[in-house]
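Now for the letters of each chain:
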Amino acid sequence: MTQELCIEAKVTMETGGLPLELWRMILAYLHLPDLGRCSLVCRAWYELILSLDSTRWRQLCLGCTECRHPNWPNQPDVEPESWREAFKQHYLASKTWTKNALDLESSVCFSLFRRRRERRTLSVGPGHEFDSLGSALAMASLYDRIVLFPGVYEEQGEIILKVPVEIVGHGKLGKVTLLASIDQHCSTTRLCNLVFMPAWFSPIMYKTTSGHVQFDNCNFENGHIQVHGPGTCQVKFCTFKNTHVFLHNVPLCVLESCEFMGSENNSVTVEGHPSADKNWAYKYLLGLIRSSPSLLPTENSDFLMSLDLESRDQAWSPRTCDIVIEGSQSPTTPASSSPKPGSKASLQEAEVGSDGERVAQTPDSSDGGLSPSGEDEDEDQLTYRLSYQVQGPRPVLGGSFLGPPLPGASIQLPSCLVLNSLQQELQKDKEAMALASSVQGCLIRRCLFRDGKGGVFVCSYGRAKMEGNIFRNLTYAVRCIHNSKIVMLRNDIYRCRASGIFLRLEGGGLIAGNNIYHNAEAGVDIRKKSNPLILCNQIHHGLRSGIVVLGNGKGVIRNNQIFSNKEAGIYILYHGNPIVSGNHIFKGRAAGIAVNENGKGLITENVIRENQWGGVDIRRGGIPVLRSNLICFGYSDGVVVGEEGKGLIEGNTIYANKGCGVWMMSSSLPHVTSNHVSYNGLYGVAVFSQKDGSSEFPGGHGAQENFSEDGDAILWETELEKEDDPLRRPITIALVESNSINHNGASGLYVQSSEALHVITNVIHANGDRGITVAQSSQLTRVANNSISCNRQSGVKVEAQCKVELRGNGIYDNRGHGIITKGDSTVVIENDIIGNRGSGLQLLPRSDTKVMKNRIHSFRAYGIAVRGHTKALVQENIIFQGKTNKTIFQQISNNRDCIMQNNKFLVFKKKSDTWRLVNPPARPHLESSLRGPSAAHSGQKVTAMATRITARVEGGYHSNRSIFCTIL
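Note that the structure is predicted; figures quoted are calculated from it, not measured. (Residues numbered from 1 in each chain as written. Predicted model: local features only at pLDDT ≥ 70, side-chain atom pairs only at ≥ 80, totals over all residues. Heavy atoms only, no water.)

**With respect to the environment of Val78**
The line we're drawing: Every helix listed is a DSSP run of H or I at least four residues long, and every strand listed is a run of E at least two residues long, numbered separately from the N terminus. Exposed residues in this analysis have more than 50% of their type's maximum accessible area, buried residues have under 20%, and partly exposed residues fall in between, with area computed by a 1.4 Å probe over protein chains only.
Residue placement: Val78 occurs in the loop between helix H5 (53-63) and helix H6 (83-94). According to the relative accessible area criterion, Val78 is partly exposed, its value standing at 40%.

Structure (structure tokens):
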């Protein structure tokens, strides 16, 4: 009848008969075999059959008692892309168990004596051929079908399957219940549409040690299922209620579209390395997996994320400085007298605060092309302005974050900071791609684990791959221990009562493209030498940290989005030593990254932004390498180095944080080098002896956390390994070198410390207060070879009872004094102090200062001003005149403790006289200062800085014209 319909239909379609919509209505009544025959009539009929996807194919798929909705259990309300394709995949999968029969029939031996036998169907139930499953199995032959009719079947002894059979429940799922313990000894078996419960004498409902078993559309309650290698299993559309699936040394098992709930222990345990001895079903399962739709990402599949900071510009750029001033020198010492009341000098001093520091009253021009002009001066007073342009630090990140942040504006990251997709990352990393494509041990995909204790436990060299699953409301989702390996792709893990993913004892593998959120402990917990690759995940809204690495844990954490966690986005402690690169860590309620308790780690090229506490928090022996990160828009400090914190902080951009750019305790020993610290709300870099509340921070910012497996404290130090890391150079003094510190709200560098500090070869430019403030320094603070320019107040201020050495610095164009000191042991030697609005150097009462071999110039005030009783040695300095009626040196009172020796004072007399900054050239001299492991980076970011200033008097001595100076 079907053949006649096909022939008639073909003729009708060719002659322009019935419309296609009417044919679709007719074909919607055909059964599956008839649809197959119709699709073979012609190309037009094939396409017509395909067009029935949302009608007839959907009816066939949902009406099949051996399967469920294709997207069950995770998305039962979402239709598949193709109902026909979903039905086809299930149909092919349901026939896997019979592939062994085809192998036997095609063998040479059987081909000689082939006698084809039809499969029998044996009926079990009241009023049917057999009363029990055991009696039916006793009469079954190879590949017979045993149908259990509705009822409860309880077997009193263990059932042993000796021949391949198919056992199917009749009617809807739940009508047939089987209480039995089955031990499979045959090569293959299929069980479908049954409810399994354990027998009274054993909790094991099913066990196989060598054969292949296939479960379709079954329920398992309150028992165990065991599969031992080389045995294999294929499970689809099954529900497990408080049931434990134990897989031991299996070469390959597939759990697909299943639901696990209410487990009192682990739902699935994968133990032991996959067996090298494989049964007949291994190749068919592998082929079935590879032919099914892949969960690997496509090129445009997801909005994940690469932090590429290779386009970083140099932290500052070169300048040369020659001062050419026409005038003459006088060998005599200028008069030391107080200014007359009402004179311009009086007006100038009215602008000076009680501590002698100048307060700028004019609009900020620190970033402008010219130094201060002195427009308010009398026309008959010539100011010898050195109108050179002080070039500040060049921008980083390809021009991004060049200017100040705009209030209320949304944060727009440049394109070079957008994260790669998972597909892009896998294409770049061949090892990760091989892991993602591999199938070994157990494959669990599109399953739901909920409302129980544990999800998947992989141990003792086990191998498991999990794709597209949901883990929710569990104690933990996945545990991987004892040299086991897991591959987790595109899973959702949320509302776990402990950590989402837990790795220990050298566990590893690939964790990629997962959504991990709202977990009570860490999203991912890595410890005891575990070393996973964590790639392109979203880890967010955790009640504690996003990722924790401790107890010698390692791992590569790359290209993830980690945000809105209650504690640190990444927490490293107890000798944890991961590689953290290319992540976006933002909007955390504590620190972005916290490194405590001797934690290590290479932290590179991350975007760390908008965190409530420090972008990176290092304390209590933490010693990371923090390199080439963007740390910005934080609500507190950019980088915090707390008590006993160490490590290398190199090449980072620390921008627009509301607190300090870098905050350090004096008991810490960090190496801060080659960073770009700009537009932070307070100090650029601050060094404090202590900070209020430093011992009581919320989690992730110095809090003592409990990271034991069961909630009890574990003394990790007893099992920690010692490693020599070439990236970390031990230092005995905190070191701040080769940084660009600019446009911060307060001082560029603030020191209130009881320990020694070295500040070397930095550019400190255009900060909102002083360039450097030393408020407390009981041990020597050494400030050498820095460029300190265009700051809103003084270049350097040293408070009382401080020990400071200033050597080889270039202090230019600051809006207050060049240097102002109250210190009782201050050494100012071989500096260039040029073009500052206040005095070049001001010595306040009770200070003790040595001023030697400096070159000093001030626009409006004195070269050196001595206020009150001061102990000073001023020797072998070159001091330039600024204004025509301003003396070069001022001493308010007769002070015998101020000794002047062999100084050279330069005043203007005639046009032909010229002096230059030569022998040595203009300071700072950075070429000889770069050293150590950061020299290579500094060579790229910091070049020699020499400023060339040229001045020429266009008119006579009393001309109204200014002196023009040019930077080359």
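**Some words on the pattern of salt bridges**
Spelled out, the test is: When a carboxyl oxygen of Asp or Glu is within 4 Å of a side-chain nitrogen of Lys or Arg, the pair counts as a salt bridge.
Summed over the entire model, instances satisfying the criterion amount to 26 salt bridges. A salt bridge links Arg450 to Glu259, with the shortest nitrogen-to-oxygen separation between them at 2.7 Å. Arg558 serves as the salt-bridge partner of Asp429, at 3.1 Å between the closest nitrogen and oxygen. Of this pair, Asp429 sits in the loop between helix H12 (422-428) and helix H13 (430-437) while Arg558 sits in strand E35 (residues 556-558); the two residues are 129 residues apart in sequence, bridging distant segments of the chain. On the basis of relative accessible area, Arg558 is assigned to the buried category, the value being 17%. A single salt-bridge network, built from bridges that share partners, covers Arg119, Arg145, Glu166, Arg190 and Asp216.

**A look at helix H10 (residues 282-291)**
Note the threshold: Note: the arc covers the axis-to-C-beta directions of the helix.
Those residues of H10 that sit buried are Tyr282, Leu285, Leu286, Leu288 and Ile289. The arc that holds the buried residues of H10, viewed along the axis, is 160 degrees, so those residues lie on one side. Turned more than 90 degrees away from the buried face of H10, the exposed residues are Lys283 and Arg290.

**Describing the pairing of strand E17 (residues 252-256)**
Basically, it comes down to this: Here a strand pair is declared whenever DSSP counts at least two bridges between the two strands.
Of all 5 residues that make up E17, 5 are buried, and the element is covered over most of its length. Strand direction decides the pairing type here: strand E14 (residues 232-236) and E17, joined by 4 bridges, are parallel. Bridge pairing in E17 links Lys236 to Glu256. Relative to strand E22 (residues 441-445), E17 runs parallel, the two being bridged by 5 bridges. Its bridge partner lying in E22, Leu255 is registered against Ile444.

**Details of the confidence of the model for the protein**
Using the following cut-off: Each residue carries a pLDDT value, the predictor's own confidence for that position, ranging from 0 to 100. Whether two residues are in contact is decided by their heavy atoms: any pair within 4.5 Å suffices.
Of the residues in the protein, 72% have a pLDDT of 70 or more, and the chain-wide mean is 78. Across residues 107-113, confidence stays below pLDDT 50; counting only partners more than four residues off in sequence or on other chains, it has 2 contacts. Counting interchain partners and residues more than four positions distant, the pLDDT-below-50 stretch residues 299-354 has 212 contacts.

**Looking at unusual backbone geometry**
Residues Trp72 and Pro73 are joined by a peptide bond in cis, for which omega reads 0 degrees. If you trace the backbone, Pro73 turns up in the loop between H5 and H6. For the peptide bond that leads from Gly229 to Pro230, omega is 10 degrees, which places it in the cis range. Mapped onto the fold, Pro230 is located in the loop between strand E13 (224-228) and E14. Located in the positive-phi region is Asn598, a residue other than glycine, with phi close to 65 degrees. Phi angles above zero are rare outside glycine, and Tyr679 is one such case at about 55 degrees. Among the secondary structure elements, Tyr679 is positioned in the loop between strand E51 (676-678) and strand E52 (685-688).

**With respect to the environment of Gln875**
Test applied: Under the rule applied, a polar contact is a pair of N or O atoms within 3.5 Å (in protein, one hydrogen donor and one hydrogen acceptor; residues adjacent in sequence only if both atoms are side-chain atoms).
Within the fold, Gln875 resides in strand E71 (residues 871-875). In this structure Gln875 comes out as buried when scored by relative accessible area, which is 14%. In the structure, Gln875 is positioned 22 residues away from Lys853 in sequence and 6.7 Å away in space, judged by C-alpha atoms. Residue contacts for Gln875: discarding those within four places in its chain leaves Val851, Met852, Lys853, Gln901, Asn902 and Asn903. In this structure the side chain of Gln875 is engaged in a polar contact, spanning 3.3 Å, whose partner is the side chain of Gln901.

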